[in-house]
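Below, each chain spelled out in residue letters.
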Amino acid sequence: MQAVLPIICIVLVLCFTIAPISPSILLCFLMGAVFILVGMMFFTLGAEMSMTPMGERVGSCLTKSRNLWLIILVSFLLGFIVTISEPDLQVLAGQVPAVPNMVFILSVAVGVGAFLVLALLRMLFGIALPPLLILFYLAVFVLTLSVPADFLSIAFDSGGVTTGPMTVPFIMALGVGISSIRSDRHAADDSFGLIALCSVGPILAVMILSMIYNPQGSAAPEAAMLEADNSRQLWELFSSEVPTYMKEISISLLPIFLFFMSFQIFMLRLSKRTMAKILIGLTYTYVGLVLFLTGANVGFMPAGNYLGQVLARQKHPEIIIPIAMLIGFFIVKAEPAVYVLNKQVEEITDGAISAKAMGMGLSIGVSISLGLAMIRVLTGISILYFMLPGYGVALGISFFVPRLYTAIAFDSGGVASGPMTAAFLLPLAQGACTSIGGNIVTDAFGVVAMVAMTPLITIQVMGLASKIAGSRKQAWIARETPAISLDRLEEDAIIEL
């Protein structure tokens, strides 16, 4: 309720004041909100009961095996399978021009699988995260010189959509399971950072793919406007799509289920009670994702697109910038994977980084990113003018921030850009871009990438502030504590002291 109600209120205020939309689209939006609300409830419960325990057990089992080649093979397969299962990726693939859907999905899956292997090896050998991030993002920005302009935004967007509600719970829990075997003091810090590296792989993979296919001159498909003349037709709009998403999520969850069952038979051998709980959790996850995606794609996507068109047609179209920032501040709380990340951060840090503080940092970051994304839509500025300085600042700060904050920040960037971003914010940008006559492929795409970038800075700034506050507190304690010269005291006095 806390996540969805603010978005409903903002859209209703806009619809009844400066941005009137048709009653049909408004009712679709409200019904979609109900689907999203119930879907989030089931998904968060299911992820806690199934996806998280599955990932932790697979991670700890892999590490205990001490077989490096087994870890490499299984982690690649796991990254590949989970990415193909990600619903967000399938949605983005359908909007990418000039490249067959399956070719796009398989390329991205290979990128995630390869970088999940690198992420796990980094954890096992205790390699610092910032130097690796600098190396790979340097490679990304060098490749931008050879990538067609029409494909830049899509490449950066692909890094955000691959870390969604299916990927995040499993991969983050995998990191916790592996770090639990290590006994050094940096083990907990290194349990984060998997999502950070897994977000780079798809960007590189899609950039390489763009050099093979020529996307120039292609147009992205526009979102269909759903209309209903009566309440029965309204219900049919949603009920007709439910079987589609049931099939889609079945195909998404099946590889993960088969993968885990193979582990259960050959290595884990969990008790019947534990397995029953995991299977019930998977059922909740399935129901939650079906309802969530139906509500987001049928109810939120047309409303977002139409609202963007109406706002951009105003006398002062720049009004869409503060409105998008306000929506962005609240909409990130409705991302299913954000709940998983915030809860895990609070548990791993024993409350030192609270879920509330994480939520605020992500909300501020996404709000800023939406403002910048709408400036791009209105002006047509290349995405590189935002991504280069943004990642430069994020990577520069990483050398002055505690390791844990850097890993969490780069994880949070991928987590914040999930299905709500793809289903409401991207259509909002596309609708605005259509109204002002811009290029949807170059100007509207990139919203997901912007949402994935700004939390890297805001979460690390939180870490920097925490570090400075801690240093000041230690300096105050040192200043207020009287210095005692032990060499001037008797032995009895030293013992007593």
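For the structure, check the block above.
No experiment lies behind these values; they were computed from the predicted model shown.

**Quick word on the overall build of the chain**
Here is step 1: A count of helical and extended segments in the chain gives 23 helices and zero strands.
Here is step 2: Computed over C-alpha atoms, the radius of gyration of the chain comes to 24 Å, within 12% of the 23 Å expected from 2.2 N^0.38 for 497 residues, which places it in the range of a compact globule.
Here is step 3: The dimensions of the chain, computed from C-alpha atoms along their principal axes, are 90 × 55 × 45 Å.
Here is step 4: Just so you have it, the chain exposes about 20300 Å², and 66% of that area is on carbon and sulfur atoms.

**Here we look at the packing of aromatic side chains**
Geometrically, a pair of aromatic rings is defined through the distance of the ring centres and the angle of the planes.
Here is step 1: Across all of its chains, the model carries 13 aromatic pairs by this definition.
Here is step 2: Seen from their ring centres, F76 and F80 are 6.2 Å apart, and the 25° between their planes marks the pair as stacked. Placement of the pair is F76 and F80 together in helix α3 (residues 68-84), with a separation of four residues, close to one helical turn.
Here is step 3: Their ring planes at 80° and their centres at 5.2 Å tell us that F329 and F330 sit as a pair that is edge-to-face.

**So, unusual backbone geometry**
Here is step 1: Residue R269 is not a glycine yet carries a positive backbone phi of 55°.
Here is step 2: You can call R269 exposed: its relative accessible area is 57%.

**Quick word on the side chain of S398**
Here is step 1: Here S398 is to be found in the loop between α18 (384-397) and α19 (403-416).
Here is step 2: When its relative accessible area of 4% is taken as the criterion, S398 is described as buried.
Here is step 3: Filtering out sequence-adjacent residues up to four positions away, S398 remains in contact with P130, T406 and Q460.

**Some remarks on the nonpolar core**
Here is step 1: In terms of nonpolar packing, the biggest core is built from 166 residues, with F104, F156, L307, M374, M387 and F424 touching the most fellow members.
Here is step 2: Not counting residues within four places of it along the chain, the set of residues in contact with M387 comprises F141, F156, A449, M450 and M453.

**Considering helix α6 (residues 129-143)**
Here is step 1: Taking 1.5 Å as the rise per residue, α6 with 15 residues should run 21 Å; its terminal C-alpha atoms sit 21 Å apart, in good agreement.
Here is step 2: Of all the positions in α6, only L129, P130, L132, L133, F136, Y137, V140 and F141 are classed as buried. Burial along α6 is one-sided: seen end-on, the buried residues are contained in an arc of 160°. Of the exposed residues in α6, the ones pointing more than 90 degrees away from its buried face are L135, L138 and V142.

**Thoughts on the layout of surface pockets**
Here is step 1: Within this model, the largest pocket holds a volume of roughly 590 Å³.
Here is step 2: As for the largest pocket, its lining consists of 19 residues, and the residues nearest its centre are Q2, A3, K333, Y339 and N342.
Here is step 3: Mapped by element, the contributors of at least two residues to the lining of the largest pocket are α2 (23-65), α16 (336-348) and α17 (355-379).
Here is step 4: When residues in the lining of the largest pocket are grouped by element, the largest group, five residues, is from α17.

Rules used throughout
Residues numbered from 1 in each chain as written. Predicted model: local features only at pLDDT ≥ 70, side-chain atom pairs only at ≥ 80, totals over all residues. Heavy atoms only, no water. Helix = DSSP H or I, 4+ residues; strand = E, 2+ residues; numbered from the N terminus. Rg over C-alpha atoms; globule rule 2.2 N^0.38 Å. Areas by Shrake-Rupley, 256 points an atom, 1.4 Å probe, with all protein chains shown as cover. Phe/Tyr/Trp six-rings, centres within 6.5 Å; stacked < 30°, edge-to-face > 60°. Buried < 20%, exposed > 50% of the residue type's maximum accessible area, 1.4 Å probe, protein only. Contact = heavy atoms within 4.5 Å. Core = buried A, V, L, I, M, F, W, Y, C linked by side-chain atoms within 4.5 Å. Expected span 1.5 Å × (residues − 1). Arc of directions from axis to C-beta. 1 Å grid on protein atoms, 1.4 Å probe; cavity = no way out; pocket = protein on both sides within 12 Å on 5 of 7 lines; lining within 4 Å. Points joined across faces, edges and corners; volume = space filled by probe spheres on them.

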